[in-house]
Amino acid sequence: MATARKYILAAHFQGAPKRSDLQIVEEKLPAINDGEFLAEAVWLSVDPYMRPYSRRFKVGDTMIGTQVAKIVESKHSTFQVGDYVVGNFGWRSLTISSGKQVSKLDRKLYTDQKLSTAVGILGMPGATAYFGFLRLCCPKEGETLVVNGAAGAVGSAVGQIAKIKGCRVVGFVGSDEKVGYLKGIGFDEVYNYKTISSLKDTLNTACPKGIDMFFDNVGGEFFDTIVPLMNQFGRVAICGFISEYNLEKPEKGVRLNRAILTKQLRIEGFDVYQWLSEWPGAFKELNEWIEKGQLKYKEHVTQGFDNMFDAFAGLFTGKSFGKSVVKA
C-alpha cells in the first residue's frame, strides 16, 4: 500500500498566501483497481490562478494544480508503466487515476529535457498565450501590443508571438533584470513599472502610434490607464488580474464606458480550456517556433516537493522569473 503526501487547504487565503494556509499530510492509498493507474509526480506547476480559484474548494481539500507524472503501476489498457502523463492531480506526490481528463505525453515532443514544458510553454500557459493572443487580439502586421506581466510564462510568450506576427511589442515587468531579458529576446520596449514616474507618460512615449492590442495579466491601474489610450477598434484580452488577487477588499476603478463605446473597443476575458481540442496543434506550432529559435522560454525551477509553498508565494512577490515549476 502506497502512501501519498499532499498539500491541503488549512485555511482560505486572506491577503498574501501564508505558509500556515497550507498543510502537508499523508494519505494511505488503496490498491489500484482494473482501469486505474498509480502515477508519481515528477514536475508540478505553480500558477497565479491558483490563488483566486482555490476559493472554490473547501478547507481540507487538496491544493489545486497540474503536474507531469510517471506511471509506476497500472491496470489500465491505455496507460502503461513508464508512461508520462499530465493531469490536474493537485499538489500531491502520488495519484490514483482512471485516466479521465489525463493526457499521455508524446515522448517525441516531450523529451527528458523538455518534460517540464508540459506544464509550461507546451502546456496550459503556452496555450493561454497562443489562443488568448491570436484569437482575441487578432494581430495585424505593424500593430502595437502592450503586455504586462511580460516576463511570466504567458506574457513572455505573448510578446514573442506578436513579434513573429510582425507587431511592435511594449512590455512591463517588475525588475531591471527582467527588462534586460525581454529586450534580449526581441521586445521593442520594456519598462520596470516600479521605477517609472508615470505609466501614462511612459505609454505615450513608447507607443507613438497608439495601442492596438493590450494583453492584460495584471489588471488594476494598468487596465484603467491603458484602455483610454487604445486606438479605434482596439482589442483587449483579459488573461488575469494578479495585482488584485491578494486584496482583501476590491479597489474602485475609473469609469471606462465612454472610451470603450467611442473607440469601439473589444474587451474579452477567456478560459483557455474552450480551445482544449485544438491544443495539440498549438503545441506543434509553438514547438516549431522554439526549434527555429523564434520563441524562447525561461523556467524558474524550485527543487523539492516540500518547497512548493515557496515557489507559489514567489509568484506574488516578483521572485519568480519565467514559468515557475517544482521538481518533485
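Conventions adopted
- Residues numbered from 1 in each chain as written.
- Predicted model: local features only at pLDDT ≥ 70, side-chain atom pairs only at ≥ 80, totals over all residues.
- Heavy atoms only, no water.
- Helix = DSSP H or I, 4+ residues; strand = E, 2+ residues; numbered from the N terminus.
- Buried < 20%, exposed > 50% of the residue type's maximum accessible area, 1.4 Å probe, protein only.
- Core = buried A, V, L, I, M, F, W, Y, C linked by side-chain atoms within 4.5 Å.
- Contact = heavy atoms within 4.5 Å.
- Pairing = 2+ DSSP bridges.
- Axes fitted to C-alpha atoms, helices over the stretch in contact; angles between N-to-C directions.
- Parallel < 35°, antiparallel > 145°, perpendicular 65-115°, else oblique.
- Nonpolar A, V, L, I, M, F, W, Y, C, P; charged D, E, K, R; others polar.
- Left-handed = near helix turned anticlockwise from the far one by under 90°.
- Disulfide = S-S within 2.5 Å.
- Expected span 1.5 Å × (residues − 1).
- Polar contact = N/O pair within 3.5 Å; in protein donor to acceptor, adjacent residues only side chain to side chain.
- Salt bridge = Lys/Arg side-chain N within 4 Å of Asp/Glu carboxyl O.

Draft legend 1. Layout of unusual backbone geometry. The phi dihedral of Gln101 is positive, around 55°, even though this residue is not glycine. Examined against the element boundaries, Gln101 turns out to sit in the loop between strand S6 (94–97) and strand S7 (103–104). With relative accessibility at 71%, the residue Gln101 sits in the exposed group. The phi dihedral of Cys138 falls on the positive side, at around 45°, and the residue is not glycine. Along the polypeptide, Cys138 turns up in the loop between helix H2 (124–137) and strand S8 (144–148). Using a relative accessible area of 30% as the deciding quantity, one classes Cys138 as partly exposed.

Draft legend 2. Examining the nonpolar core more closely. Judged by nonpolar contacts, the single largest core of 54 residues is most densely connected at Phe133, Leu145 and Phe215. Among the elements that line this core, the one with the most residues is H2, at 9 residues. Contacts of Leu145, omitting those with residues within four sequence positions, involve Phe133, Val158, Gly159, Ala162, Arg168, Val169, Val170, Met213, Phe214 and Phe215.

Draft legend 3. Up close: the sheet that holds strand S10 (residues 189–192). Within the open sheet, the 6 strands sit side by side as S10-S9-S8-S11-S12-S13. Their pairing is parallel. Across the chains shown, the open sheet's two edge strands, defined by having one partner strand only, are S10 and strand S13 (266–269). Sheet twist, expressed as the average angle between the axes of neighbouring strands with direction ignored, equals 15°. Judged from the 4 bridges that link them, strand S9 (residues 168–173) and S10 form a sheet pairing that is parallel. Across the sheet, the residue bridging to Val170 is Glu189, located in S10.

Draft legend 4. Structural context of the packing of H2 against helix H8 (residues 279–291). Where H2 meets H8, the axes come as close as 10 Å, and the angle between the chain directions of the two elements is 90°. Regarding the angle of H2 to H8, the classification is roughly perpendicular. Contacts between H2 and H8 pair Met124, Gly126, Ala127, Tyr130 and Phe131 from the former with Trp279, Ala282, Phe283, Glu285, Leu286 and Trp289 from the latter. The residue makeup of the contact of H2 with H8, split by class, is 9 nonpolar, 1 polar and 1 charged.

Draft legend 5. Inspection of the packing of H2 against helix H3 (residues 153–164) at higher detail. It is at 8 Å that the axes of H2 and H3 come closest, and there the two elements cross at 45°. Classed by the angle they form, the pair H2 and H3 counts as oblique. As H2 packs across H3, the resulting crossing turns out to be right-handed. Seen from H2, the contacting residues are Pro125, Thr128, Ala129, Tyr130, Phe133 and Leu134; seen from H3, they are Ala153, Val154, Ala157, Val158, Ile161 and Ala162. Among the residues making up the contact of H2 with H3, the classes are represented as 11 nonpolar, 1 polar and no charged.

Draft legend 6. Examining the state of the cysteines more closely. Applying the stated criterion across every chain yields a total of 0 disulfides. Among the cysteines around Cys167, which has no disulfide bond, Cys137 carries the closest sulfur, lying 9.1 Å off. By relative accessible area, Cys167 is classed as buried at 2%. Free of any disulfide, Cys207 has its nearest cysteine sulfur in Cys167, 12 Å distant.

Draft legend 7. Representation of H2 in the model. Between its terminal C-alpha atoms H2 stretches 18 Å, which fits the 20 Å expected from 14 residues at 1.5 Å a residue. A large share of H2 lies buried, amounting to 13 of its 14 residues. Positive backbone phi, approximately 45°, marks Cys138, located one or two places after H2.

Draft legend 8. Just the environment of Lys323, in detail. Following the sequence through the fold, Lys323 ends up in strand S15 (residues 323–327). Take Lys323: its relative accessible area is 4%, and that puts it in the buried class. Once the C-alpha coordinates of Lys323 and Lys252 are considered, the two residues, 71 residues apart in sequence, prove to be 31 Å apart. Reaching out from Lys323, the side chain makes a polar contact with the backbone oxygen of Val46 at a distance of 3.2 Å.

Draft legend 9. Representation of the pattern of salt bridges within the structure. Scanning all chains against the criterion turns up 15 salt bridges. Between Glu27 and Arg92 there is a salt bridge, and its shortest N-O distance comes to 2.9 Å. Of this pair, Glu27 sits in strand S2 (residues 22–28) while Arg92 sits in the loop between strand S5 (84–87) and S6, and the two are 65 residues apart along the sequence. We note a salt bridge from Lys58 to Asp61, for which the minimum N-O separation is 3.8 Å. In this structure Lys58 comes out as exposed when scored by relative accessible area, which is 57%. A relative accessible area of 22% places Asp61 in the partly exposed class. A single salt-bridge network, built from bridges that share partners, covers Lys6, Glu27 and Arg92.

Draft legend 10. Representation of the side chain of Thr128 in the model. Note on placement: Thr128 falls in helix H2. With residues up to four places along the chain from it excluded, the contact list for Thr128 reads Phe133, Val154, Phe215, Cys239, Phe270 and Val272.

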